[in-house]
Structure formats: C-alpha cells, structure tokens
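Structural characterization, general
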Amino acid sequence: MDVIIITGASKGIGKELLCQYKEAGATVYGLARTNPEQEQSMFEVDLVDVEKATAILQGVISQHIGEASSFTLINNAGMVDPISLVGSLDPQKVEQAIKVNLTAPILLTNTFIDTLKDFMGTKKIMNISSGAGRSASEGWGVYCTTKAGLDQFSRVIALEQKATSYPTGVVSIAPGIIDTGMQETIRSSSEQQFPHLKRFEAYKQEGQLSSAHETAEKLKRFAMEVDFLETDTIADIRKFF
C-alpha cells in the first residue's frame, strides 16, 4: 500500500494530484482549507493552524504504518500574496504567507520524519518550490524568500538523512508556470507593486501556461519513478519531462 498525503489538495495541482493518485490505486489524503466536493479523504484545516495539521498527519501515518509499503508527503500548499514592494508590505499577510509557505512544511516534515523514523519502507517528501526561490523578483519579497527557505530546508534534510538507518528522501521541485488561481492572483496585482505584471499577463494571453492536470501528471510520475535518495535535492520538473 502506497500512502500519499497532499497539502493544498482542494484546487490547482494539489487537487489534480489527489485525483490522479486515487486513479493509480494509492491511498490518498488531502489537507485543505475547504472541501467543496466533499471528498471523504480530505481533512479541512488551515495550515496556519500547524498544531492541527501536524496532528492530522500523525494520525494518518499511525493508521496505516502497519500495512503501508511507502509514505509520501507532498507539501504543495502555498500562497503568492502579499505581492508588494518592500516598504508597502501588509504585516498580517506577511505572517500568514510565512506560516503557509514555510512554517507548515517545516513542521509537517518534522512530524513525518519523527513518526516514521523506524519505518523500513520507502519514505519520500516532495516540496513544491518555485523558480522564485532561485531568482529574485521585485514585488515578490516574501514569496521568493519563503520558497528559497523551503529549498534550503530541503538541502539540510537531505544531509541529515544520510546519517540515519532508514532515511527519508526529499526533493524540492519547481513545477513551472501553471494556469491556476495563483496566476490569477498575480495578474490581479498592480504594476506599481509588481513590475513584472505585463510579462505574466503575456504568459496567459500567449498560451504559455501549463495546465494543472499536465503538471500533476509529471509530478506524480517523478515522485513514483525517481529515487529521492539518489537524485539532486533541488529540481525542476521541466528538466525531467
């Protein structure tokens, strides 16, 4: 039995991953703020409430640890807001973005590794990162910083797990530019606060955005086929498929 846990699973690539893993026969659970389609395997939780989210993850693992052959945690949830130049940032939005983009993945990963430390099967963590974490962009101070932090956190885990008896593999992967609600948020920002606005409008107009379905297919294939203990920790899906 392959057990998959996906955050941000009610929309975008998270929703597609949930559906596609189910179709592949995996035992899949989603964590999301909403559950519009009343998925039975979806837990409604805001990742700002990290204590609740980690308790759910621990419960899922404990439920299946006796029968599972593998566990995969996909830290997919993320938010691009606040889109604003530094000097005009909303403190509350900054705090929320850091919790969702960085604090939650750190603590969910901590729970995943601790709960499964004696599990001898396959263990994988796939952190959905972004090119924004690897290249600075005006107006994306918080988004770039949190994604860079997720990359560096993943590097640390990879180093630490080399010294363990039953290591967990981790990859922080950029999924490319996808036609999701996040892109809509970007396009609804102002050019004053996000100087690259016209470029992102052009991506949509010129059909340069990948679909959530196509991207999820590639990410699922990557997670199922690639040995996370042997591949590079920092990856870009576009270089694989």
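Please refer to the structure higher up on the page.
Let me sum up the structure you'll find in this document. (Residues numbered from 1 in each chain as written. Predicted model: local features only at pLDDT ≥ 70, side-chain atom pairs only at ≥ 80, totals over all residues. Heavy atoms only, no water.)

1. Thoughts on the overall build of the protein
To keep it simple, the criterion reads: Numbering goes from the N terminus for both helices and strands, where a helix is a DSSP run of H or I of at least four residues and a strand is a run of E of at least two. What the globule rule says is 2.2 Å times the number of residues to the power 0.38, and the radius of gyration is computed from C-alpha atoms. Residue burial is assigned from relative accessible area. The probe radius is 1.4 Å, only protein chains are included, and a residue is buried under 20% of its type maximum, exposed over 50%, and partly exposed in between. Note on contacts: a residue pair qualifies if any of its non-hydrogen atoms lie within 4.5 Å across the two residues.
The helix and strand inventory of the protein stands at seven helices and seven strands. Helices and strands appear in the protein in the N-to-C order β-α-β-β-α-β-α-β-α-β-α-α-α-β. Here the C-alpha radius of gyration of the protein, 17 Å, is about what a compact globule of 241 residues would show, namely 18 Å. For the protein, the spread of C-alpha atoms along the three principal axes comes to 55 × 35 × 35 Å. The proportion of buried residues among the 241 residues of the protein is 49%. For the protein, the proportion of contacts with a sequence separation of at least 24, taken over those separated by at least 6, is 67%.

2. Points about the sheet that holds strand S1 (residues 2–7)
Note the threshold: Strand pairing follows a simple DSSP-based rule, namely that at least 2 bridges must link the two strands. An axis is simply a line fitted to the C-alpha atoms; with a helix, the fit covers only the stretch in contact. Between two such axes, the angle follows the N-to-C directions and lies from 0 to 180 degrees.
The strand order across the open sheet formed by seven strands is S3-S2-S1-S4-S5-S6-S7, and the pairing between neighbours is parallel. With one partner strand each, in any of the chains shown, strand S3 (42–44) and strand S7 (234–236) form the two edges of the open sheet. This sheet shows a mean twist of 20° between the axes of neighbouring strands, independent of strand direction. For strand S6 (residues 169–174) and S7, the ladder comprises three bridges, and the chain directions are parallel. Within S7, the residue paired with alanine 174 across the bridge is aspartate 236. Helix-sheet contacts for helix H4 (residues 141–161) involve strand S5 (122–128), S6 and S7, and the interaxial angle to S6 is about 155°.

3. Let's talk about the environment of isoleucine 74
With respect to the helices and strands, isoleucine 74 occurs in strand S4 (residues 70–75). Residue isoleucine 74 is classed as buried on the basis of its relative accessible area, which comes to 0%. In this structure, the C-alpha to C-alpha distance between isoleucine 74 and isoleucine 113, residues 39 residues apart in sequence, is 13 Å. Beyond its immediate chain neighbours, meaning those up to four positions away, isoleucine 74 contacts Ile4, Ile5, Ile6, Thr7, Leu17, Tyr21, Met126 and Ile128.

4. Observations concerning the pairing of S6
Consecutive side chains of a regular strand alternate in pointing toward one face of the sheet and then the other. The condition is simple: Place the viewer so that the strands point away; then a crossover is right-handed whenever the path from the first strand over the helix to the second strand goes clockwise.
In terms of burial, S6 is largely enclosed, as six of its six residues are buried. Residues Gly169, Val171 and Ile173 point to one face of S6 and Val170, Ser172 and Ala174 to the other, with burial holding for every one of them. Both S5 and S6 contribute to a ladder of five bridges, which runs parallel. Bridge pairing in S6 links asparagine 127 to serine 172. Between the parallel pair S5 and S6, the chain is carried across by H4, and the sense of this crossover is right-handed.

5. What to know about the pairing of strand S2 (residues 27–32)
Summarising burial for S2: five of the six residues are buried, a large majority. Across five bridges, the pairing between S1 and S2 is parallel. Each residue of the ladder has a partner; that of threonine 7, found in S2, is leucine 31. Chirality of the crossover, the property in question, places the unit of S1, helix H1 (residues 12–23) and S2 among those that are right-handed. Pairing of S2 with S3 involves three bridges; the strand directions are parallel. Looking across to S3, one finds that leucine 31 is bridged to phenylalanine 43.

6. Observations regarding the nonpolar core
Going by this rule: What we call a nonpolar core is a set of buried Ala, Val, Leu, Ile, Met, Phe, Trp, Tyr and Cys residues that are connected through their side-chain atoms within 4.5 Å.
Counting residues in each nonpolar core, the largest one holds 26 residues, and the members touching the most others are Ile6, Tyr21, Ile74, Met126, Ile173, Leu219 and Phe222. The set of elements that each furnish at least two residues to this core consists of S1, H1, S2, S5, S6 and helix H7 (212–225). Here the element with the most residues in this core is H7; it accounts for five residues. In contact with tyrosine 21, not counting residues within four places along its chain, are Ile4, Ile6, Ala26, Val28, Ile74, Lys220, Ala223 and Met224. Core analysis: the next-biggest nonpolar cluster, separate from the first, contains 25 residues, Leu47, Val60, Ala68 and Phe119 among them.

7. As for the packing of helix H3 (residues 91–115) against H4
Here is the rule: Roughly parallel here means an angle under 35 degrees, roughly antiparallel means over 145, roughly perpendicular means 65 to 115, and every remaining angle is called oblique. Left-handed describes a crossing whose near helix is turned anticlockwise from the far helix by less than a right angle; the clockwise case is right-handed. Side-chain classes are defined by residue name, with Ala, Val, Leu, Ile, Met, Phe, Trp, Tyr, Cys and Pro counting as nonpolar, Asp, Glu, Lys and Arg as charged, and the others, Gly among them, as polar.
At a minimum axis separation of 9 Å, H3 and H4 run at an interaxial angle of 15°. As far as their axial angle goes, H4 and H3 are roughly parallel. Considering the relative orientation of H3 and H4, their crossing is right-handed. Along the contact surface, H3 presents Val94, Ala97, Ile98, Asn101, Leu102, Pro105, Ile106, Thr109 and Ile113, while H4 presents Val142, Tyr143, Thr146, Gly149, Leu150, Phe153, Ile157 and Gln161. Each residue belonging to the contact of H3 with H4 can be placed in one class, and the counts come to 12 nonpolar, five polar and no charged.

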